[in-house]
Amino acid sequence: MDWVCERESQFEASKTSTGKPQYRVSKVLYEQPELVNELIERVQHIVIPTLPILNLPPMQIGSVERQITAHNDGGYYKVHNDNGSKETGDRIVSYCIYFHTERFTGGELRIYDLLFNKGYYKQAKSLSTLRPRNNSLVLFPSHFHHEVLPVVCPSKMFCDSRFTLNGWIRRA
């Protein structure tokens, strides 16, 4: 937390691959210290045995993308998937590690079930809503539709944000 709070000025406004305005409100930091590498190695060791639970076929890990995301007061990310473009098509597993001071409310991760219809996945009406629990890890298939519900952070202070180390596991 201290390291992240000290780098508030290095966070930049997040973007989406579609460029749609008001689709995502958050800040992102792409450069992280070596200590993050240790966390990423742990995530990789968890992913392989988790694939059957996620109904994903066995795979070799190619690369692991990562970023630190901050959602402050009014922050959100509308429904999307993490591998819906040519550049992201080999993302297989999305991950999210929560770390924060819990001085906010909201910011739940909503993951939608999928329907497979005519060769395409479509978002179902059924879903799971996960509260952002500090020091927890969430893994899910990158093709699942999901969203971050709005965050309420009364102090509006950066260090009180909903923080995640999040990213994507790509197949080799």
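See the structure above.
Every chain's residues receive numbers from 1 upward, in the order its sequence appears when written. Whole-chain, interface and lining totals are the exception, using all residues; otherwise, since this is a predicted model, local features are given only for residues with pLDDT of at least 70 and side-chain atom pairs are given and counted only at 80 or more. With hydrogens and water set aside, each side-chain value is computed from the structure's full complement of heavy atoms.

So, the sheet that holds strand 10 (residues 137–141)
Short version of the rule: Two strands pair under a simple rule: DSSP has to find at least two bridges between them. Here a strand is any run of E in DSSP of at least two residues, a helix any run of H or I of at least four, and the numbering for each starts at the N terminus.
Taking strand neighbours across the sheet as the criterion, the 6 strands line up as 1-3-4-13-6-10 in an open arrangement whose pairing is antiparallel. Taken across any chain shown, the strands that pair with only one partner, and hence form the sheet edges, are strand 1 (12–13) and strand 10. Relative to strand 3 (residues 27–29), strand 1 runs antiparallel, the two being bridged by 2 bridges. Bridge pairing links Glu-12 to Val-28 in strand 3.

Here we look at the state of the cysteines
Filter applied, for reference: Only a pair of cysteine sulfur atoms within 2.5 Å counts as a disulfide in this structure description. Burial here depends on accessible area, computed with a 1.4 Å probe over protein chains only, as a share of the maximum for the residue type. Under 20% is buried, over 50% is exposed, and the range in between is partly exposed.
Here the structure, examined in full by the defined rule, presents 1 disulfide. The disulfide partner of Cys-5 is Cys-159, and the S-S distance across this bridge is 2.1 Å. Remark: Cys-159 occurs in the loop between strand 12 (151–152) and strand 13 (162–171) and Cys-5 occurs in helix 1 (residues 2–6); sequence separation between them is 154 residues. In this structure Cys-159 comes out as partly exposed when scored by relative accessible area, which is 24%. We note that Cys-96 lacks a disulfide partner, and the nearest cysteine sulfur, in Cys-153, lies 17 Å from it. Between Cys-153, a free cysteine, and Cys-159, which holds the nearest cysteine sulfur, the sulfur-to-sulfur gap is 10 Å. With a relative accessible area of 0%, Cys-153 lands in the buried category.

Quick notes on the pattern of salt bridges
For clarity, the threshold we go by: By definition here, a salt bridge exists when the distance from a side-chain nitrogen of Lys or Arg to a carboxyl oxygen of Asp or Glu is within 4 Å.
Throughout the structure, instances matching the rule amount to 8 salt bridges. Across the pair Glu-65 and Arg-91 runs a salt bridge, and its minimum N-O distance is 2.8 Å. Of this pair, Glu-65 sits in strand 4 (residues 61–71) while Arg-91 sits in strand 6 (residues 91–99), placing them 26 residues apart in sequence. A salt bridge links Asp-90 to Arg-170; the nearest nitrogen and oxygen atoms lie 2.2 Å apart. Of this pair, Asp-90 sits in the loop between strand 5 (76–80) and strand 6 while Arg-170 sits in strand 13, placing them 80 residues apart in sequence.

As for the sheet that holds strand 5
Strand order in the open sheet made by the 5 strands is 2-5-11-8-9, with antiparallel pairing throughout. Whereas interior strands pair on both sides, the edge strands pair on one side only; in this sheet they are strand 2 (24–25) and strand 9 (120–130).

Description of the packing of aromatic side chains
Basically, it comes down to this: Ring pairs are drawn from Phe, Tyr and Trp, using the six-membered ring of Trp, whenever the two centres fall within 6.5 Å, and their geometry is named by plane angle: stacked under 30 degrees, edge-to-face over 60, tilted for the rest. Both a distance and an angle decide whether a charge sits over a ring: NZ of Lys or CZ of Arg must be within 6 Å of the ring centre and within 35 degrees of the ring normal.
Taken as a whole and assessed by the stated rule, the structure comprises 4 aromatic pairs. Here Phe-11 and Phe-158 contribute two aromatic rings whose centre-to-centre distance is 5.0 Å and whose plane-to-plane angle is 70 degrees, an arrangement assigned as edge-to-face. One end of the pair, Phe-11, is in the loop between helix 1 and strand 1; the other, Phe-158, is in the loop between strand 12 and strand 13, with 147 residues separating them in the sequence. Measuring from centroid to centroid gives 5.6 Å for Phe-99 and Phe-163, while their planes differ by 15 degrees, and the two rings are stacked. Separated by 64 residues along the polypeptide, Phe-99 in strand 6 and Phe-163 in strand 13 bring together distant segments of the chain. Joined through ring pairs, the aromatic side chains of Phe-11, Phe-99, Phe-158 and Phe-163 make up one cluster. Just above the ring of Trp-168 sits the side chain of Arg-91; from NZ or CZ to the centre is 3.8 Å.

Details of the pairing of strand 6
Most of strand 6 is tucked away: 9 of the 9 residues are buried. Both strand 6 and strand 13 contribute to a ladder of 8 bridges, which runs antiparallel. Paired with Tyr-98 across the strands is Thr-164, a residue of strand 13. With 5 bridges connecting them, strand 6 and strand 10 associate as antiparallel partners. Paired with Val-93 across the two strands is Pro-141, which belongs to strand 10.

A word on the environment of Ser-94
The line we're drawing: Throughout, a contact is declared for two residues whenever any of their heavy atoms are within 4.5 Å. Under the rule applied, a polar contact is a pair of N or O atoms within 3.5 Å (in protein, one hydrogen donor and one hydrogen acceptor; residues adjacent in sequence only if both atoms are side-chain atoms).
Position of Ser-94 among the secondary structure elements: in strand 6. Once residues lying within four places of it in the same chain are set aside, the contact partners of Ser-94 are Asp-82, Val-138, Leu-139, Phe-140, Ser-142, Gly-167 and Trp-168. Within the structure, the side chain of Ser-94 is placed 2.7 Å from the side chain of Asp-82, a separation counted as a polar contact.

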